[in-house]
Amino acid sequence: MSDWARVRAHLRAHRYELAVRAVEEFPDVRKTAGTPLLTDPAWVPPAPIPLSGVDLTMAAAPPVDLPPAAGHPDFPSYSAAMVALDAPTVFENRPTWRLLDADLAGPAPRLVFGDGTYFDSIDTGEAAAHEYAAGGERPLREAVGNPCDLAKRPANMAISALTIRRDQAGDTFLLHWRDPAKVGHAGGLYQVVPVGVFQSSGPGDFDLWRFLLREYAEEVLGEPEIEAPDYPAWPFAVAMTDHPGIDAHVLGLGVDPLTFATDLLVRVVIDAPVFDEIFGARVAVNDEGAVTTRPFTAEAVEGLPMQAAGAALVRLALADEPAR
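Structural notes, computed from the coordinates. Bear in mind the structure is a predicted one, so any value in this text is a computation, not a measurement. (Residues numbered from 1 in each chain as written. Predicted model: local features only at pLDDT ≥ 70, side-chain atom pairs only at ≥ 80, totals over all residues. Heavy atoms only, no water.)

With that settled, consider the pairing of strand E12 (residues 262-271). Judged by how many residues are buried, E12 sits mostly within the fold: nine of 10 residues are covered. Alignment of strand E7 (residues 157-166) against E12, held across 10 bridges, turns out to be parallel. In the strand pairing of E12, Arg166 is matched with Asp271. Alignment of strand E11 (residues 246-255) against E12, held across nine bridges, turns out to be antiparallel. Residue pairing across strands places Ala248 opposite Val268, the latter belonging to E12. (Buried < 20%, exposed > 50% of the residue type's maximum accessible area, 1.4 Å probe, protein only. Helix = DSSP H or I, 4+ residues; strand = E, 2+ residues; numbered from the N terminus. Pairing = 2+ DSSP bridges.)

Written out as structure tokens, the structure reads:
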């Protein structure tokens, strides 16, 4: 086994423990809800923000000057090595929107994006995780410094949605186990669902809610990937949009200390009758792993190897329960 393959296997097998330990590299960076998820004061809203209340704009993406990433000597990039030697089921270099700036704490919440690609995050974040797992010198991680500084690295923003079924008999939520054979990021960990890197499938897609609709259809209902949907004519989108029994709020933004994965933390609460009508045919296994239902309690995730963004989101949502 090559050194690259050995470190890659170690990273896959110990991703959770490495992430917990990696947070020690950032003693002066704010953490989210007592979890390893790194954040910035400007990314922490004073109260939950309606998802529709976050303004999205586009700007030119500046170049980033980083040292060569840790990789296999026979390949030009970390992503190229993964494609050849350790490609998961879902692994394509698609266009994405690169997060350039974020302000969720001010009176006008906003996110600013530029053009990017999915492999940007692999060649920076996943390579930085490999570098950490290998031990020794860490030139890439040192060059990035505080990963909440979006000027230092290309940052693909994922949207992590905590889906809560609201019921007087007791709230429940959906929990996702990410199969390491199927995914390129966070394999073997638990996460909320749906989650995906914010990207377009066609015209009119530069919209947080519309992106989540596609992720819900794929990850919860098991639908094939939908390209360029006609949202006003799509029955699922119509059922989910502007429904009085469904509300979506942003609780924050954070960065994983190991992989630098950057997640917008969104809580989606759905009244039980509405949830059962729309998601009654939800799947137990999807293209990225397995989906289960758990009581919406702290005990339900206690001790689970959970991705930092998901752990932070659950804690933030539980802390906000009395206000809801």
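Let us look at the side chain of His130. Mapped onto the elements of the fold, His130 is located in helix H4 (residues 118-134). For His130, a relative accessible area of 5% gives the class buried.

Our focus in this paragraph is unusual backbone geometry. Residue Pro194 follows Val193 across a cis peptide bond; omega there is 5 degrees. Looking at the element boundaries, Pro194 is found in the loop between strand E9 (190-192) and strand E10 (195-197). Positive phi, close to 60 degrees, is recorded for Asp242, a residue that is not glycine. With respect to the helices, strands and loops of the structure, Asp242 is situated in the loop between helix H7 (235-240) and E11. Notably, Phe260 is not glycine yet its phi reads approximately 65 degrees, a positive angle. Looking at where Phe260 falls in the secondary structure, it is placed in the loop between E11 and E12. With a relative accessible area of 3%, Phe260 lands in the buried category.

On to the pattern of salt bridges, then. In total, this model carries 16 salt bridges according to the counting rule given. Linking Arg166 and Asp247 is a salt bridge whose minimum nitrogen-to-oxygen distance equals 3.8 Å. With Arg166 in strand E7 and Asp247 in strand E11, this residue pair connects regions lying 81 residues apart in the sequence. Take Arg166: its relative accessible area is 24%, and that puts it in the partly exposed class. As a salt-bridge pair, Asp271 and Arg166 come within 2.9 Å of each other at their nearest N and O atoms. Taken together, the positions of Asp271 in strand E12 and Arg166 in strand E7 put the pair 105 residues apart, joining distant regions of the chain. The exposure class assigned to Asp271 is partly exposed, which follows from its relative accessible area of 25%. (Salt bridge = Lys/Arg side-chain N within 4 Å of Asp/Glu carboxyl O.)

Orientation of helix H1 (residues 3-13) relative to H4, taken along the N-to-C sense of each, is 95 degrees, at an axis distance of 9 Å. On the basis of their axis angle, the class for H1 and H4 is roughly perpendicular. The residues of H4 that touch H1, namely those facing Trp4, Val7, Arg8, His10 and Leu11, are Glu126, Ala129, His130, Ala133 and Ala134. Split into classes, the residues belonging to the contact of H1 with H4 amount to six nonpolar, two polar and two charged. (Axes fitted to C-alpha atoms, helices over the stretch in contact; angles between N-to-C directions. Parallel < 35°, antiparallel > 145°, perpendicular 65-115°, else oblique. Contact = heavy atoms within 4.5 Å. Nonpolar A, V, L, I, M, F, W, Y, C, P; charged D, E, K, R; others polar.)

To continue, consider the sheet that holds strand E5 (residues 95-103). Overall, mixed pairing links the three strands, which are arranged E4-E6-E5 in an open sheet. A single partner strand is all that each edge strand has here, and the edge strands are strand E4 (55-58) and E5. Neighbour-to-neighbour, the strand axes of this sheet turn through a mean angle of 35 degrees, independent of strand direction. One ladder, built from eight bridges, connects E5 with strand E6 (residues 110-117); its direction is antiparallel. Opposite Leu99, over in E6, you have Phe113 as the bridge partner.

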